[in-house]
Amino acid sequence: MLKRSLWPDDEPQPYLRLGLALLAAPFLWGLVASGFGFAVVALTDPSMDAALDYTLEVTLTAFGFLFGFTLTLGVMGILLLWILHQRGAVIWALTGGTFGAIGALLDGLLVRDGLFDRTILFLFVIVGWSLFLTIRWIAGIRESKAET
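Calculation rules
Residues numbered from 1 in each chain as written. Predicted model: local features only at pLDDT ≥ 70, side-chain atom pairs only at ≥ 80, totals over all residues. Heavy atoms only, no water. Helix = DSSP H or I, 4+ residues; strand = E, 2+ residues; numbered from the N terminus. Buried < 20%, exposed > 50% of the residue type's maximum accessible area, 1.4 Å probe, protein only. Salt bridge = Lys/Arg side-chain N within 4 Å of Asp/Glu carboxyl O. Patch = residues over 30% accessible without salt bridge, like charges linked within 9 Å, V, L, I, M, F, W, Y side chains within 5 Å. Areas by Shrake-Rupley, 256 points an atom, 1.4 Å probe, with all protein chains shown as cover. Core = buried A, V, L, I, M, F, W, Y, C linked by side-chain atoms within 4.5 Å. Contact = heavy atoms within 4.5 Å. 1 Å grid on protein atoms, 1.4 Å probe; cavity = no way out; pocket = protein on both sides within 12 Å on 5 of 7 lines; lining within 4 Å. Points joined across faces, edges and corners; volume = space filled by probe spheres on them. Nonpolar A, V, L, I, M, F, W, Y, C, P; charged D, E, K, R; others polar. Axes fitted to C-alpha atoms, helices over the stretch in contact; angles between N-to-C directions. Parallel < 35°, antiparallel > 145°, perpendicular 65-115°, else oblique. Left-handed = near helix turned anticlockwise from the far one by under 90°.

**Thoughts on unusual backbone geometry**
And step 1. Look at His-85: it is not a glycine, yet its phi comes out positive at around 60 degrees.
And step 2. With respect to the secondary-structure elements, His-85 resides in the loop between helix 2 (48–83) and helix 3 (89–110).
And step 3. Although it is not a glycine, Asp-113 adopts a positive phi angle of roughly 50 degrees.
And step 4. In this structure, Asp-113 sits in the loop between helix 3 and helix 4 (118–139).
And step 5. Assessed through its relative accessible area of 69%, Asp-113 is described here as exposed.

Now the structure itself:
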């Protein structure tokens, strides 16, 4: 059922590369979030100690969230795409955004006591979208020549 559905039949199946993508994508986006955190605080607070403390806090939060999302909802979404034999970038982006929205729903129910925020929903959708497309890119998943 899962044997050859993410990569074209005429190519080797890089399962290790997919596993690496599941770890590398949240790491890369965590670095991006850390850079944004540093830039925001460096522009607003001239104290370098505060900037480094805030950057460390943003880094730990971003890595925790990104790895948590990827290794739970992300794996479920990728398994769904695998079972459905979907390789296209658009469906991967839509699936990532959908699972990001599911993450926002769970965040509202479990963390925020039923309070839903459109900004959180928007951010979670963007995170899901970007993670899924980055995983797809790192894992080398692409449509076969016959599908395009």
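**A short note on the pattern of salt bridges**
Pairs can form between side chains of opposite charge whenever their charged atoms are close.
And step 1. Enumeration according to the criterion identifies 1 salt bridge in this entry.
And step 2. We note a salt bridge from Asp-107 to Arg-112, for which the minimum N-O separation is 2.6 Å.
And step 3. We classify Arg-112 as partly exposed; its relative accessible area is 35%.

**Thoughts on a nonpolar patch on the surface**
And step 1. A cluster of nonpolar side chains, contributed by Ile-102, Leu-105, Leu-106, Leu-109, Leu-110, Val-111 and Phe-116, occupies part of the molecular surface with about 670 Å² of accessible area.
And step 2. Here Leu-105 shows up in helix 3.
And step 3. Since its relative accessible area comes to 44%, Leu-105 is described here as partly exposed.

**Some words on the nonpolar core**
A general feature of soluble globular proteins is that nonpolar side chains tend to end up buried together.
And step 1. Residues Leu-18, Phe-69, Ile-78, Trp-92, Leu-131, Phe-132 and Ile-135 are the most contacted members of the largest nonpolar core, which totals 19 residues.
And step 2. Counting residues per element, the ones that place at least two in this core are helix 1 (15–44), helix 2, helix 3 and helix 4.
And step 3. Sequence-distant contacts of Ile-78, defined by excluding residues within four places in its chain, comprise Leu-22, Trp-92, Phe-132 and Ile-135.

**Observations concerning the layout of surface pockets**
The probe, sized like a water molecule, is rolled over the atoms to show the empty space still left.
And step 1. In this structure, the largest pocket spans a volume of roughly 620 Å³.
And step 2. Where the lining of the largest pocket is concerned, the elements lending two or more residues are helix 1, helix 2 and helix 4.
And step 3. Broken down by element, the lining of the largest pocket gets its largest block of residues, 8 residues, from helix 4.
And step 4. For the lining of the largest pocket, a count of residues per class yields 17 nonpolar, 3 polar and no charged.

**Things to note about the packing of helix 1 against helix 4**
And step 1. At a closest axis distance of 8 Å, the pairing of helix 1 and helix 4 adopts a crossing angle of 135 degrees. Overall, the two elements helix 1 and helix 4 adopt an arrangement that is oblique. Two packed elements cross with a definite hand, and for helix 1 against helix 4 that hand is right-handed. On the side of helix 1, the interface is formed by Arg-17, Leu-18, Ala-21, Leu-22, Ala-24, Ala-25, Pro-26, Leu-28 and Trp-29, while helix 4 contributes Ser-130, Leu-131, Thr-134, Ile-135, Trp-137, Ile-138 and Ala-139.
And step 2. Across the contact of helix 1 with helix 4, the residue classes break down as 13 nonpolar, 2 polar and 1 charged.

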